[in-house]
Amino acid sequence: ADCRYTCHQECRSLIQLDCRRPGPWQSQLSPESTLLPPCSQNVTQTVEEEKPEPPTLQEIKQKIEKYNAKVTNCLLMKLNDDGTYTGFIKVHLKLRRPVTVPAGIRPQSIYDALKEVNLAEMTDKRTSFYLPLDAIKQLHISSTTTVSEVIQGLLKKFMVVDNPQKFALFKEMRKDGQVLFQKLPLTEYPLYLRLLAGPDTDVLSFVLKENETGEVEWDAFSIPELQNFLMILDKEEKEKIQQVHRKYERFKQRLQQTLKEARGKPG
């Protein structure tokens, strides 16, 4: 009340005041005497942000009908009896680093997929290669499928044995001529985002990229993987050096040619 110190109500027991300014009626004020009662309006209280209520079954049904009315490629969403729904999403793979895959393994067949055969577990040999930039994979998922499960499903389809924590799923949005990326939490539901945005991929699309936010657990890499990364970095460094050498070699040749043509000319 005297020094006007303000704190949260739950922090009051942790505050240590050193009130020594004399009051008009006493020589010194004790710390306790300067505290206002708990019901004071000067106390700041934390207000929790209210989370939106989940949509009702009727609202989901209406959204699905609205979504399917805009679909032009027969990739419709289907509402199940238990309130869940299924549909399709497309994921763009924009990976700039090589991925680790089993060496000498044939591509997965339909038979293997139906039998849930994991070909990656059939060999300990590993190799690395670059996935085609901006490759697109279409997935049939459920409304209960999380971002984490989408990432794991993509890695399984391409037989990538890297730790899923090395990758992240982003949503790409276009607004006012700008392209915006937002990383999705692992617990988010991509199909619900697709339902809200509609089937137009220009409004919303999904992109798989490297997880470069500092959340990568480097302990998850094996020694061969780390050694492979060093080899790749060494190769990239040598290629960059060669590019610089070629650039200045061409510049040197043009300069020599210009000097040769300028000889004997006035000025």
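Attention here is on the structure that accompanies the text. Predicted, not measured: the structure shown is a model, and the values here were computed from it.

1. Details of a nonpolar patch on the surface
On the surface, a nonpolar cluster with roughly 500 Å² of combined accessible area is contributed by Val244, Tyr248, Phe251, Leu255 and Leu259. Here Tyr248 is to be found in helix α5 (residues 223-262).

2. Re the pairing of strand β7 (residues 178-183)
Pairing analysis gives six bridges linking strand β6 (residues 167-175) to β7, with the strands arranged antiparallel. Of the residues in β7, the one forming a bridge with Arg174 is Val179. Counted along the chain from β6 to the antiparallel partner β7, the turn is two residues long, and its residue Asp176 has a positive phi close to 55°.

3. Quick word on the packing of aromatic side chains
All chains considered together, the criterion is met by zero aromatic pairs. Taking the ring centre of Phe158 as reference, the NZ or CZ of Lys137 above it sits at 5.9 Å. Sitting above the plane of the Phe170 ring, Lys209 keeps its charged end 5.2 Å from the centroid.

4. Thoughts on the nonpolar core
Judged by nonpolar contacts, the single largest core of 31 residues is most densely connected at Ile89, Val91, Phe167, Leu169, Phe206 and Leu208. Contributing elements (two or more residues each) for this core: α1 (57-70), β2 (85-93), β3 (99-102), β5 (135-142), α3 (147-157), β6, α4 (190-197) and β8 (204-210). No other element matches α3, which puts five residues into this core. Leu208 has contacts with Val91, His92, Leu93, Lys94, Leu95, Ile151, Leu154, Phe167, Ala168 and Leu169, leaving out every residue within four places of it along the chain.

5. Quick look at the packing of α1 against α4
Contact geometry of α1 with α4 gives a least axis separation of 9 Å together with a crossing angle of 65°. For the element pair α1 and α4, the recorded crossing hand is left-handed. The residues of α4 that touch α1, namely those facing Ile60, Lys63, Ile64 and Tyr67, are Tyr192, Arg194, Leu195 and Leu196. Classifying every residue of the contact of α1 with α4 gives six nonpolar, no polar and two charged.

The rules behind these values
- Residues numbered from 1 in each chain as written.
- Predicted model: local features only at pLDDT ≥ 70, side-chain atom pairs only at ≥ 80, totals over all residues.
- Heavy atoms only, no water.
- Patch = residues over 30% accessible without salt bridge, like charges linked within 9 Å, V, L, I, M, F, W, Y side chains within 5 Å.
- Areas by Shrake-Rupley, 256 points an atom, 1.4 Å probe, with all protein chains shown as cover.
- Salt bridge = Lys/Arg side-chain N within 4 Å of Asp/Glu carboxyl O.
- Helix = DSSP H or I, 4+ residues; strand = E, 2+ residues; numbered from the N terminus.
- Pairing = 2+ DSSP bridges.
- Phe/Tyr/Trp six-rings, centres within 6.5 Å; stacked < 30°, edge-to-face > 60°.
- Lys NZ or Arg CZ within 6 Å of the ring centre and 35° of its normal.
- Core = buried A, V, L, I, M, F, W, Y, C linked by side-chain atoms within 4.5 Å.
- Buried < 20%, exposed > 50% of the residue type's maximum accessible area, 1.4 Å probe, protein only.
- Contact = heavy atoms within 4.5 Å.
- Axes fitted to C-alpha atoms, helices over the stretch in contact; angles between N-to-C directions.
- Left-handed = near helix turned anticlockwise from the far one by under 90°.
- Nonpolar A, V, L, I, M, F, W, Y, C, P; charged D, E, K, R; others polar.

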